[in-house]
Amino acid sequence: MDTLHMLFNAVTVIFIAATMFAAGLGATIPALRGIFTNVPLLVLALLTNMVVIPLVGWGIGALFSLPSAAFIALVLVASSPGGPFGAKLAMVQSGDVVAGAAMQVLLATVGSLTFAPTVNGILTAADLGKDISLDVATLVRTVALLQLVPFVIGLLLRRYAAPTAQSWHPAAAAVSNVTFLIVLAGMLLGNWSDVVALLGSLALLAGFVLAAAAFAVGTLLATGPSVRRTTMGGVAAVRNAGPALAAIGIAFGDQPAVLGALAAILLSGLAAALPIATVLSGRRSRPAAPDDTR
């Protein structure tokens, strides 16, 4: 069992690092500059993902009276922006892929620093009836090391060794995707009893509602044409599993109940976001009517 636990943790570390390394390899200075210089879009996206959605997650957890493990998992997900699938949702919905990828990277980078204080603040204020608190300094260092360092390395390679970065990017993205599936399967299979127990609870619905609400809020609190705004909605709906997994390992000792709830909430969130993106893509692929005022 210890060997399996160590293997799971190793794959989790590879997933987090590979995801951010691939993001760095795929990012460009002009694309990032375009996001940084669009002040209204930047401010609204940061406000949405760092403040509004964590509060929405807290509200949903309280509204549904989730048990402690599911509540913690929901708060971890809501407080962790910049999921790598955000850029993929931009592709699925035929959206603004460049802006989506740049914003995903920015949110993941900033979120690696804001995640721990946000979660700690919400869990402390929620008063779950037990002494729950994160070691903020340790978690910030761990998440920053696993996310910021690989991203910066990838970005520097893209900047100074573009051919190498372009040739490495598909492999890095593949490692990220495969390890994500392995981690998700490990959470489901390793904690199957806890996942099954959630089938009769409101945890799955809470994850679904959170993703749908995040998509709506991210779209409303954005600027630019509708294609860019719904792209920001997709980025907001897909949260970053990396910091959440790190927090569960550091603060909760990989508790099966929390890991199982996290896996279930991530899956239900994807179940909400993917159909929305697919519908948007279908609408955009239809030829415009002569009087279409899109």
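Throughout, residues of each chain are indexed from 1 in the direction in which the sequence is written. Selection of residues for local features in this predicted model requires a pLDDT of at least 70, selection of side-chain atom pairs for listing and counting requires 80 or more, and totals for whole chains, interfaces and linings are taken over all residues. Only hydrogens and water are set aside; all other atoms, that is, all heavy atoms of the structure, feed into the side-chain values.

A. Spatial organisation of the confidence of the model for the protein. When pLDDT is averaged across the protein, the result is 83; 87% of the residues are at 70 or more. Confidence of the predictor in every single residue is expressed as pLDDT, which spans 0 to 100. Secondary structure follows DSSP: runs of H or I at least 4 residues long count as helices, runs of E at least 2 residues long count as strands, and numbering of each begins at the N terminus. Mean pLDDT across the elements of the protein ranges from a minimum in helix H9 (residues 192-198), with 64, to a maximum in helix H3 (residues 39-63), with 95.

B. Representation of the packing of H3 against helix H6 (residues 97-126) within the structure. Each axis is a line fitted through C-alpha atoms, taken for helices only over the stretch in contact, and angles between the N-to-C directions span 0 to 180 degrees. Packing of H3 against H6 brings their axes to within 10 Å, and their N-to-C directions diverge by 35 degrees. Handedness of the crossing formed by H3 with H6: right-handed. Here H3 contributes Leu41, Leu42, Ala45, Leu46, Asn49, Met50, Pro54 and Trp58 to the contact with H6, which in turn contributes Met103, Leu106, Leu107, Val110, Gly111, Thr114, Thr118, Ile122, Ala125 and Ala126. Charged means Asp, Glu, Lys or Arg here, nonpolar means Ala, Val, Leu, Ile, Met, Phe, Trp, Tyr, Cys or Pro, and polar covers whatever is left, Gly included. Tallied by class, the residues present in the contact of H3 with H6 amount to 14 nonpolar, four polar and no charged. Helix crossings are classified by the rotation of the near helix relative to the far one: an anticlockwise turn of less than a right angle makes the crossing left-handed, while a clockwise turn makes it right-handed. Whether two residues are in contact is decided by their heavy atoms, any of which lying within 4.5 Å being enough.

C. Representation of empty space enclosed by the protein. Think of a 1 Å grid over just the protein atoms. A cavity is a set of points where a 1.4 Å probe fits yet cannot get out, a pocket is an open set with protein on both sides within 12 Å along at least five of seven lines, and lining residues have an atom within 4 Å of a point. Grid points are joined across faces, edges and corners, and a volume is the space filled by probe spheres set on the points. Taken as a whole and judged by the stated rule, the model has two cavities of 30 Å³ or more. Taken together, 19 residues line the largest cavity, and the ones lying closest to its centre are Ala237, Val238, Arg239, Leu266 and Leu270. Of all elements in the fold, only helix H10 (203-220) and helix H13 (256-285) reach the threshold of two or more residues within the lining of the largest cavity. If you tally residues by element for the lining of the largest cavity, the top one is H13, at five residues. Grouping the constituent residues of the lining of the largest cavity by class yields 14 nonpolar, four polar and one charged. Space inside the second largest cavity adds up to approximately 60 Å³. Around the second largest cavity, the lining residues are Leu41, Ala45, Thr48, Asn49, Met103, Leu107, Gly218, Leu221, Ala222, Met232, Val235 and Ala236.

D. View of unusual backbone geometry. In this structure, Ser65 is a non-glycine residue whose phi angle is positive, near 50 degrees. For Ser65, the position within the fold is in the loop between H3 and helix H4 (68-78). Notably, Ser94 is not glycine yet its phi reads approximately 55 degrees, a positive angle. Among the structural elements, Ser94 can be located in the loop between helix H5 (85-92) and H6. Whether a residue is buried, partly exposed or exposed follows from its accessible area with a 1.4 Å probe, protein chains only, as a fraction of its type maximum: under 20%, in between, or over 50%, in that order. You can call Ser94 partly exposed: its relative accessible area is 40%.

E. Broad picture of the packing of aromatic side chains. Two rings from Phe, Tyr or Trp (for Trp, the six-membered ring) form a pair when their centres are within 6.5 Å of each other. A pair whose planes differ by under 30 degrees is stacked, one over 60 is edge-to-face, and the rest are tilted. Under the counting rule described, the total for this entry stands at one aromatic pair. Between the aromatic rings of Phe21 and Trp168, the centroid separation amounts to 6.5 Å while the plane-to-plane angle is 50 degrees, which identifies the pairing as tilted. With Phe21 in helix H1 (residues 2-26) and Trp168 in helix H8 (residues 162-190), this pair connects stretches of sequence that are 147 residues apart. It is Arg159 that lies over the ring of Tyr160; its NZ or CZ is 5.1 Å from the centre. Either the NZ atom of lysine or the CZ atom of arginine qualifies as a charge over a ring when it sits within 6 Å of the ring centre and within 35 degrees of the ring normal.

F. Representation of H5 in the model. Every buried residue of H5 is accounted for by Gly86, Ala87, Leu89 and Ala90. All buried residues of H5 lie within an arc of 155 degrees about the axis, which places them on one face of the element. At the exit of H5 stands Ser94, carrying a positive phi of roughly 55 degrees. The arc in question is the one spanned by the directions pointing from the helix axis to the C-beta atoms.

G. Local environment of the environment of Leu41. With respect to the helices and strands, the residue Leu41 is situated in helix H3. A C-alpha to C-alpha distance of 9.2 Å links Leu41 and Met232, two positions 191 residues apart in sequence. Not counting chain neighbours up to four residues away, the residues in contact with Leu41 comprise Ile35, Met103, Ala222, Thr223, Arg228 and Met232.

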